[in-house]
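Listed here are the chains, written in short residue letters.
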Amino acid sequence: MVERTDERHAEKMKKKQAAHDKIMASKTIEKGLLIVHTGKGKGKTTAALGMVVRAIGHGKKVGVVQFVKGAMTTGEKVVFDAFPGNVEFKPMGEGFTWNTQDRARDIALAREAWDEVRRMVEDPAYDMVLADELNIVLRYDYLPLDEVLDVLTAKAEMKHVIVTGRNAPEALMEKADLVTEMTLVKHPFREQGVKAQAGVEF
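I will try to describe carefully the structure that is included in this document. This structure is a prediction, so every number in the text was calculated from the model and none was measured.

Some points on the packing of helix 5 (residues 103–122) against helix 7 (residues 145–153)
- Two numbers describe how helix 5 lies on helix 7: the axes approach to 10 Å, and their chain directions differ by 20°. With respect to their mutual orientation, helix 5 and helix 7 come out roughly parallel. Pair helix 5 / helix 7 crosses with left-handed handedness. Across from R111, W114, R118 and V121 in helix 5, the residues of helix 7 making contact are E147, V148 and V151.
- Grouping the amino acids of the contact of helix 5 with helix 7 by side-chain chemistry returns four nonpolar, no polar and three charged.

Details of the nonpolar core
- Counting residues in each nonpolar core, the largest one holds 28 residues, and the members touching the most others are F67, W114, V117, L134, L143 and V163.
- Listed by contribution, the elements that provide at least two residues to this core are strand 1 (34–38), helix 5, strand 4 (128–132), helix 6 (134–139), helix 7 and strand 5 (160–164).
- Of the residues forming this core, the biggest block, six residues, is contributed by helix 5.
- Beyond its immediate sequence surroundings of up to four residues, L134 is in contact with F67, W114, L143, V148, V163 and T164.
- I35, A55, V64 and V87 belong to the second largest nonpolar core, which has 14 residues in total.

Here's the deal with the packing of aromatic side chains
- All chains considered together, the criterion is met by two aromatic pairs.
- Their ring planes at 45° and their centres at 5.6 Å tell us that F80 and F89 sit as a pair that is tilted.
- Taking relative accessible area as the criterion, F80 reaches 3% and is therefore assigned buried.
- Where Y140 meets Y142, the ring centres are 5.8 Å apart and the plane angle is 25°; that geometry is what we call stacked.
- On the basis of relative accessibility, which here comes to 9%, the residue Y142 falls in the buried class.

Structural notes on the environment of V36
- Locating V36 in the fold gives a position in strand 1.
- Distance from V36 to T180, taken between C-alpha atoms, is 6.3 Å for residues 144 residues apart in sequence.
- Non-local contacts of V36, meaning those with residues more than four positions away in its chain, are made with N135, V163, A168, L172, M173, A176, L178, V179 and T180.

Points about the sheet that holds strand 1
- Strand order in the open sheet made by the six strands is 3-2-4-5-1-6, with parallel pairing throughout. Because the sheet does not close on itself, it has two edges, and the strands there are strand 3 (87–91) and strand 6 (178–181). Neighbouring strand axes in the sheet, compared pairwise and without regard to direction, differ in orientation by 10° on average.
- Along the sheet, helix 5 contacts strand 2 (62–66), strand 3, strand 4 and strand 5; its crossing angle with strand 2, the most-contacted strand, is approximately 165°.

Some points on the environment of M24
- By the element assignment, M24 lies in helix 1 (residues 2–26).
- For M24, a relative accessible area of 46% gives the class partly exposed.
- For the pair M24 and A110, spaced 86 residues apart in sequence, the C-alpha separation works out to 41 Å.

What to know about the pattern of salt bridges
- Scanning the model with the defined rule gives 10 salt bridges in all.
- The salt bridge partner of K77 is D81, with a shortest N-O separation of 2.7 Å.
- A residue is classified by how much of its surface remains accessible, and D81, at 41% relative accessible area, is partly exposed.
- Here E116 and R119 are joined by a salt bridge, their closest N and O atoms 2.8 Å apart.

Here is what the cut-offs are and how they apply
Residues numbered from 1 in each chain as written. Predicted model: local features only at pLDDT ≥ 70, side-chain atom pairs only at ≥ 80, totals over all residues. Heavy atoms only, no water. Axes fitted to C-alpha atoms, helices over the stretch in contact; angles between N-to-C directions. Helix = DSSP H or I, 4+ residues; strand = E, 2+ residues; numbered from the N terminus. Parallel < 35°, antiparallel > 145°, perpendicular 65-115°, else oblique. Left-handed = near helix turned anticlockwise from the far one by under 90°. Contact = heavy atoms within 4.5 Å. Nonpolar A, V, L, I, M, F, W, Y, C, P; charged D, E, K, R; others polar. Core = buried A, V, L, I, M, F, W, Y, C linked by side-chain atoms within 4.5 Å. Buried < 20%, exposed > 50% of the residue type's maximum accessible area, 1.4 Å probe, protein only. Phe/Tyr/Trp six-rings, centres within 6.5 Å; stacked < 30°, edge-to-face > 60°. Pairing = 2+ DSSP bridges. Salt bridge = Lys/Arg side-chain N within 4 Å of Asp/Glu carboxyl O.

Have a look at this one:
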């Protein structure tokens with residue numbers, strides 16, 4: 001009985017492998033991707049930073065600009081600072097908009113950070129650019145969406161650009177090659193009153 005089950009399993013896996021190999025053989029295009037991580041769930045920046053780590057592992061040059069973060073020291077900055085030849089890591093925010101309570105200053109900081117993103121996108125030395133929390137500043141109209149889309153559309157063919165943050169604009173998601181929406185199912189901050197912790201949130 002066990003032997004027959006093992007045989008059926010092996011046969012099933014052989015068919016799956018053949019189907020998988022056929023699909024993989026048809027995927028021949030290589031290109032730089034516009035990637036969007038959005039949604040209410042935790043993990044948007046974390047997933048993007050994981051891609052940065054992968055790029056480092058392949059010897060790629062990555063530019064990271066954080067639009068909101070910057071008011072606190074994060075674990076990722078400490079790690080990426082150890083790879084100055086691979087990563088330019090620039091936290092350029094002062095916290096969330098309710099922290100600053102100064103719209104004009106938020107707009108000025110968003111512009112400064114966006115200018116850095118644009119520089120990195122236009123510079124052929126960078127293989128990947130992460131615009132962390134760009135969606136937030138777009139949601140509050142701190143930057144013109146058309147300008148952002150123009151820059152992202154004109155990026156080099158092989159350059160990857162990752163944009164994170166809640167409430168990604170529809171036009172950005174339509175332009176993107178890959179969109180992932182993080183869904184909030186359960187969060188200890190809401191359900192248990194657990195504060196943000198080093199190594200988990202920052």
